[in-house]
Amino acid sequence: MERTLAIIKPDAVERGFTGKILDNIENNDLKVVALKMLHITKGEAEGFYKVHAQRPFFESLTAYMSSGVVVSAVLEGENAIKKWRDLMGATNPKDATSGTIRKEFAIDIEKNSVHGSDSPETASYEIPYFFSSLEIFSRRPTQT
Ligand code: ADP
Ligand code: MG
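Predicted, not measured: the structure shown is a model, and the values here were computed from it.

(A) Fine view of the layout of surface pockets. In this model, the largest pocket occupies a volume close to 540 Å³. Lining the largest pocket are 22 residues, with Tyr-49, His-52, Phe-57, Thr-91 and His-115 sitting closest to its centre. Of all the elements in the fold, those that place two or more residues in the lining of the largest pocket are helix H5 (80-88), strand E4 (114-116) and helix H7 (120-130). For the lining of the largest pocket, the element with the highest residue contribution is H7, accounting for three residues. Looking at the lining of the largest pocket residue by residue, the class counts come to eight nonpolar, six polar and eight charged.

See below:
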């Protein structure tokens with residue numbers, strides 16, 4: 001079992017696509033094991049995206065990600081990282097395959113509706129950035 005961090009970005013939350021996106025996740029063998037709605041600060045967005053600090057889009061991306069409410073979730077399943085990236089589609093919705101979330105909902109390459117960790121290393125940074133271990137549901141054996 002693998003875990004990944006998903007974020008429903010401000011453009012998608014604002015336009016009312018949260019339910020549809022969570023539905024897509026749950027219909028594709030991914031289990032939501034943590035979920036919250038929050039409005040992050042510019043500084044928190046900068047920390048989250050620090051690998052992109054030298055990119056030309058960093059300023060705009062972090063302003064956008066702190067511009068409104070996001071929904072953040074931990075997803076669990078077999079190959080959860082790749083599975084969620086496949087459901088999301090390409091970064092630029094113009095390049096995304098039909099049926100993917102970004103193809104269906106994204107506005108442009110920046111306001112592209114969803115985030116997903118891109119590797120186990122990234123997931124292990126991103127999941128605790130949003131969730132404490134106590135906030136992540138895990139199935140425990142039933143007490144007898
Ligand atoms: P992904 O989210 O698909 O992993 P990246 O990690 O490359 O993509 O980029 C992080 C986020 O930065 C993207 O999801 C998108 O919101 C934004 N972004 C990426 N490339 C650009 C770009 N060329 N112009 C504007 N925003 C971008
Ligand atoms: Mg990325």
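(B) Examining the environment of His-39 more closely. The topology assignment puts His-39 in the loop between strand E2 (31-38) and helix H3 (42-48). His-39 gets classed as partly exposed once you look at its relative accessible area, which sits at 48%. Sequence separation between His-39 and Met-65 is 26 residues, and the spatial gap between their C-alpha atoms is 8.6 Å. When neighbours within four sequence positions are excluded, His-39 is seen to be in contact with Ser-66, Ser-67, Gly-68 and Val-69. A polar atom in the side chain of His-39 sits 2.8 Å from the backbone oxygen of Ser-66. Polar side-chain contacts of His-39 include one of 3.4 Å to the backbone nitrogen of Gly-68.

(C) Layout of the packing of aromatic side chains. Applying the stated criterion across every chain yields a total of six aromatic pairs. Ring geometry for Phe-17 versus Phe-105: centroids 4.4 Å apart, planes at 25 degrees, classification stacked. Of this pair, Phe-17 sits in the loop between helix H1 (10-14) and helix H2 (18-26) while Phe-105 is found in helix H6 (residues 101-105), placing the two residues 88 residues apart along the sequence. Considered together, Phe-17 and Phe-105 belong to a single accessibility category, that of buried residues. The interplanar angle of 85 degrees and the centroid separation of 5.0 Å between the aromatic rings of Phe-48 and Tyr-49 together place this pair among those described as edge-to-face. In this pair, the class of Phe-48 matches that of Tyr-49, namely buried. Counting every residue linked through ring pairs, the aromatic cluster contains Phe-48, Tyr-49, Tyr-125, Tyr-129 and Phe-130. Taking the ring centre of Phe-131 as reference, the NZ or CZ of Lys-36 above it sits at 4.7 Å.

How each quantity is defined
Residues numbered from 1 in each chain as written. Chains lettered and ligands numbered in written order. Predicted model: local features only at pLDDT ≥ 70, side-chain atom pairs only at ≥ 80, totals over all residues. Heavy atoms only, no water. 1 Å grid on protein atoms, 1.4 Å probe; cavity = no way out; pocket = protein on both sides within 12 Å on 5 of 7 lines; lining within 4 Å. Points joined across faces, edges and corners; volume = space filled by probe spheres on them. Helix = DSSP H or I, 4+ residues; strand = E, 2+ residues; numbered from the N terminus. Nonpolar A, V, L, I, M, F, W, Y, C, P; charged D, E, K, R; others polar. Buried < 20%, exposed > 50% of the residue type's maximum accessible area, 1.4 Å probe, protein only. Contact = heavy atoms within 4.5 Å. Polar contact = N/O pair within 3.5 Å; in protein donor to acceptor, adjacent residues only side chain to side chain. Phe/Tyr/Trp six-rings, centres within 6.5 Å; stacked < 30°, edge-to-face > 60°. Lys NZ or Arg CZ within 6 Å of the ring centre and 35° of its normal.

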